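The chain contents come next:
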Amino acid sequence: MVPITEVAAHSRAARQGICSGDVLLSINGHEIQDVLDYRFFLAEKNISLCLSRGGEVYTVSIHKQEYDDIGLSFETPLMDKKHTCENKCVFCFIDQNPKGMRESIYFKDDDSRLSFLHGNYITMTNLKPRDIQRIIDMHISPVNVSVHTTNPELRNKMMNNKHAGEVLEYLKMLSDAGVTIRGQIVLCKGLNDGRELDRTMEDLTAYYPSLDSVSIVPAGLTKHRKNLYPLEPFTPEECAGIIYQVNAFGEQCIEKFGERIFFPADEFYVKSKTPLPNYEFFGEYTQIENGVGMLSSFMYEFLCLLDSLTDAERQIHRNVSIATGEAAADMMLELVDRLSEACPNLQVYVYPIKNNFFGGEVTVTGLLTGKDIAQQLQDKPLGDVLLLSRNVLRNEGDLFLCGMTPEELSKKLNVPLLFNRDDGGSFLCNLLGIEE
């Protein structure tokens, strides 16, 4: 039962007399509660919609091509409220945000629909068996799961939820149904590392081939961890040990299954100064959005395009600057050195930005704030344009985490800004000022 907020002009729905303010009750006899119901049951050539207007129920029949839209819009993209997280995880990044940020930053979602639609990770603690069955019935795949540990008691402790261990049984239900599972382990020093990590990786192999990959990422720790569980960052030596541990198990998986399955995040390589794996190491890059293989992929794309530049492109005169998180700084410097050899008329300044807003342990580019960038680049030579990652802005592209707008930062630094997506080829084109 979902209210309709808009009907597109000249759409199939409009031609059948459906109006804004009507309430969608069902499609082909199936009750509609959210976007998953709507999209799944709409994917038929012949549909019968049951609606209500002013309390009066009426029906409409529409013939269309399979998967075609009919022109209805609803109050929210989910056609429902987001499901909030029921856990109080000891490593939760949102609990480590300072006060005074925009309200949406403090919202904790744990919504299986967002897992499918946007790749968000879910803990499964607010799902019931009927929810798992709906995922199976609708063939929703992949499902991104924050596993963290397969030790039920430890999972209860890490999530501060007495049901966190119980719901691990859902993994078997999904696996038996052939639903693709993508796992995540947020690694916390002294909790789920060491032997517990070995146990978790071994246990998860039982779900192969439904389990297609698992990322192991370090818990993000900010300077705002007051009155929270006492977690410590991994040392560079410990990061190197984690890489060895995960990759050694990955080699065993290659021998047994033909696939690596388990991947340490790029952050472990950066902090331990371990050379990044080659491009082929990461297979299908199923965990790239989780910071696994992102740097290797970026370098590969950049260097492939660099090798194919024309003579005219290699002679371009341009003066540009790059602001990046500390984690990507060494890679950026290496790429700029390679670029300078190929394009001698190009002047590029690379500025690693220390994250004073969240603290020195947070080094990824996507968590930089406009305030830190402005303070650290004041009076620095910036050239004709300053390049930044698109990830420093929220999805709408209008605000940094600190609430500053791109226009405000541009005015403070007196330089135009250019936001680059996470693609090495696109980045090179932006450096040179050429079309992709």
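Predicted model, so just to flag it, every value in this text is computed and none were measured.

Enquirer: Before we go on, may I ask you to explain the environment of Arg199 in this structure?
Expert: Here Arg199 lies in helix α7 (residues 195-204). Residue classification places Arg199 among the partly exposed positions, given a relative accessible area of 35%. Separated by 18 residues in sequence, Arg199 and Ile181 place their C-alpha atoms 18 Å apart. With near-sequence residues (within four places) excluded, Arg199 lies in contact with Thr150, Asn151 and Pro152.

Enquirer: Just to check I follow, could you spell out the layout of surface pockets for this structure?
Expert: It is a probe the size of a water molecule, rolled over the atoms, that shows where empty space is left. Here the second largest pocket defines a volume of roughly 430 Å³. Along the walls of the second largest pocket sit 22 residues, with Gln33, Asp34, Asp37, Asp131 and Arg134 positioned nearest its centre. With 5 residues, helix α4 (residues 129-137) is the single largest residue contributor to the lining of the second largest pocket.

Enquirer: Just checking my understanding: could you explain the sheet that holds strand β10 (residues 262-264) for this structure?
Expert: Across a sheet, strands are paired by hydrogen bonds formed along the backbone, either parallel or antiparallel in direction. One open sheet accounts for 4 strands, arranged β7-β8-β9-β10; its pairing is parallel. Sheet topology places β7 (143-146) and β10 at the edges, where each strand pairs with a single neighbour. Averaged over all pairs of adjacent strands, the angle between their axes in this sheet comes to 20°, without regard to strand direction.

Enquirer: How should I be thinking about the environment of Tyr351 in this particular structure?
Expert: Along the chain, the position of Tyr351 falls in strand β12 (residues 346-353). Its relative accessible area of 12% is what places Tyr351 among the buried residues. As a C-alpha pair, Tyr351 and Gly366 span 15 residues in sequence and 15 Å in three-dimensional space.

Enquirer: Honestly, the sheet that holds strand β13 (residues 385-389) in this entry has me stumped. Any pointers?
Expert: Pairing is parallel in the open sheet, where 4 strands are placed in the order β12-β11-β13-β14. If you trace the sheet from one side to the other, it starts and ends with β12 and β14 (417-420), each paired once. Here the strands of the sheet are splayed against their neighbours by 25° on average, with no regard to which way each runs. Relative to β13, strand β11 (residues 318-325) is paired through 3 bridges, and the arrangement is parallel. Paired with Ser321 across the strands is Leu386, a residue of β13.

Enquirer: Help me understand empty space enclosed by the protein, please; the structure alone is not making it clear to me.
Expert: For the structure shown, the criterion picks out 1 cavity of 30 Å³ or more. For the largest cavity, the calculated volume is near 30 Å³. Contributing to the lining of the largest cavity are Ile288, Met294, Ser297, Phe298, Glu301 and Asp422. Tallied by class, the residues present in the lining of the largest cavity amount to 3 nonpolar, 1 polar and 2 charged.

Enquirer: What should I look at first to understand the nonpolar core in this one?
Expert: Nonpolar side chains in soluble globular proteins tend to be buried together. Tyr38, Leu49, Leu72 and Phe262 are the most contacted members of the largest nonpolar core, which totals 83 residues. With 6 residues, the single largest contributor to this core is helix α8 (residues 236-257). When near neighbours in sequence (up to four residues on either side) are disregarded, Tyr38 contacts Leu24, Ile27, Ile32, Asp69, Ile70, Leu72, Phe74 and Met79. Core analysis: the second largest hydrophobic core is formed by 27 residues, Ile322, Leu335, Ala342 and Phe427 among them.

Enquirer: I keep staring at the environment of Ser146 and nothing clicks. Help me out?
Expert: Within the secondary structure layout, Ser146 lies in strand β7. Each C-alpha atom, one on Ser146 and one on Asp110, is 9.9 Å from the other, the two residues being 36 residues apart in sequence. In contact with Ser146, not counting residues within four places along its chain, are Tyr121, Ile122, Thr123, Arg155, Met159 and Gln184.

Enquirer: I tried to follow unusual backbone geometry on my own but got confused; where do I start?
Expert: In this model, Ser141 is joined to Pro142 through a cis peptide bond whose omega is 0°. As for its placement among the helices and strands, Pro142 is situated in the loop between α4 and β7. In this structure, the amide linkage connecting Tyr208 to the following residue, Pro209, adopts the cis form with an omega of 10°. Its location among the elements puts Pro209 in the loop between α7 and β9 (211-218). Positive phi outside glycine occurs at Asn227, with the angle close to 60°. Despite not being glycine, Lys273 shows a phi value in the positive range, around 55°. Relative to the helices and strands, Lys273 resides in the loop between α9 (266-272) and α10 (294-307).

Enquirer: I tried to follow the pattern of salt bridges on my own but got confused; where do I start?
Expert: Working definition: two side chains of opposite charge can pair if their charged atoms are close together. If you walk through the whole model with that rule in mind, you get 17 salt bridges. Residues Arg12 and Asp68 are paired through a salt bridge, measuring 3.4 Å at the closest nitrogen-oxygen approach. Taken together, the residues span a long stretch of sequence, with Arg12 in helix α1 (residues 12-15) and Asp68 in the loop between β5 (56-63) and β6 (72-74) at a distance of 56 residues. For Asp22, the salt bridge goes to Arg53, with nearest N and O atoms at 2.8 Å. Within this pair, whereas Asp22 is found in the loop between α1 and β2 (23-27), its partner Arg53 is found in strand β4 (residues 46-53), the two being separated by 31 residues in sequence. Owing to a relative accessible area of 38%, Arg53 belongs among the partly exposed residues under this scheme.

Enquirer: What should I look at first to understand the packing of aromatic side chains in this one?
Expert: Any pair of aromatic rings gets described here by the distance separating the centres and the angle formed by the planes. Tallied over the entire structure, the rule returns 17 aromatic pairs. Judged by centre distance (5.0 Å) and plane angle (75°), the rings of Phe281 and Phe282 are edge-to-face. The class for Phe281 is buried, based on a relative accessible area of 18%. By relative accessible area, which is 4% here, Phe282 ends up buried. Taken together, the ring pairs connect Phe263, Tyr279, Phe281, Phe282, Tyr285 and Tyr300 into an aromatic cluster.

Reading the values: the criteria
- Residues numbered from 1 in each chain as written.
- Predicted model: local features only at pLDDT ≥ 70, side-chain atom pairs only at ≥ 80, totals over all residues.
- Heavy atoms only, no water.
- Helix = DSSP H or I, 4+ residues; strand = E, 2+ residues; numbered from the N terminus.
- Buried < 20%, exposed > 50% of the residue type's maximum accessible area, 1.4 Å probe, protein only.
- Contact = heavy atoms within 4.5 Å.
- 1 Å grid on protein atoms, 1.4 Å probe; cavity = no way out; pocket = protein on both sides within 12 Å on 5 of 7 lines; lining within 4 Å.
- Points joined across faces, edges and corners; volume = space filled by probe spheres on them.
- Pairing = 2+ DSSP bridges.
- Axes fitted to C-alpha atoms, helices over the stretch in contact; angles between N-to-C directions.
- Nonpolar A, V, L, I, M, F, W, Y, C, P; charged D, E, K, R; others polar.
- Core = buried A, V, L, I, M, F, W, Y, C linked by side-chain atoms within 4.5 Å.
- Salt bridge = Lys/Arg side-chain N within 4 Å of Asp/Glu carboxyl O.
- Phe/Tyr/Trp six-rings, centres within 6.5 Å; stacked < 30°, edge-to-face > 60°.

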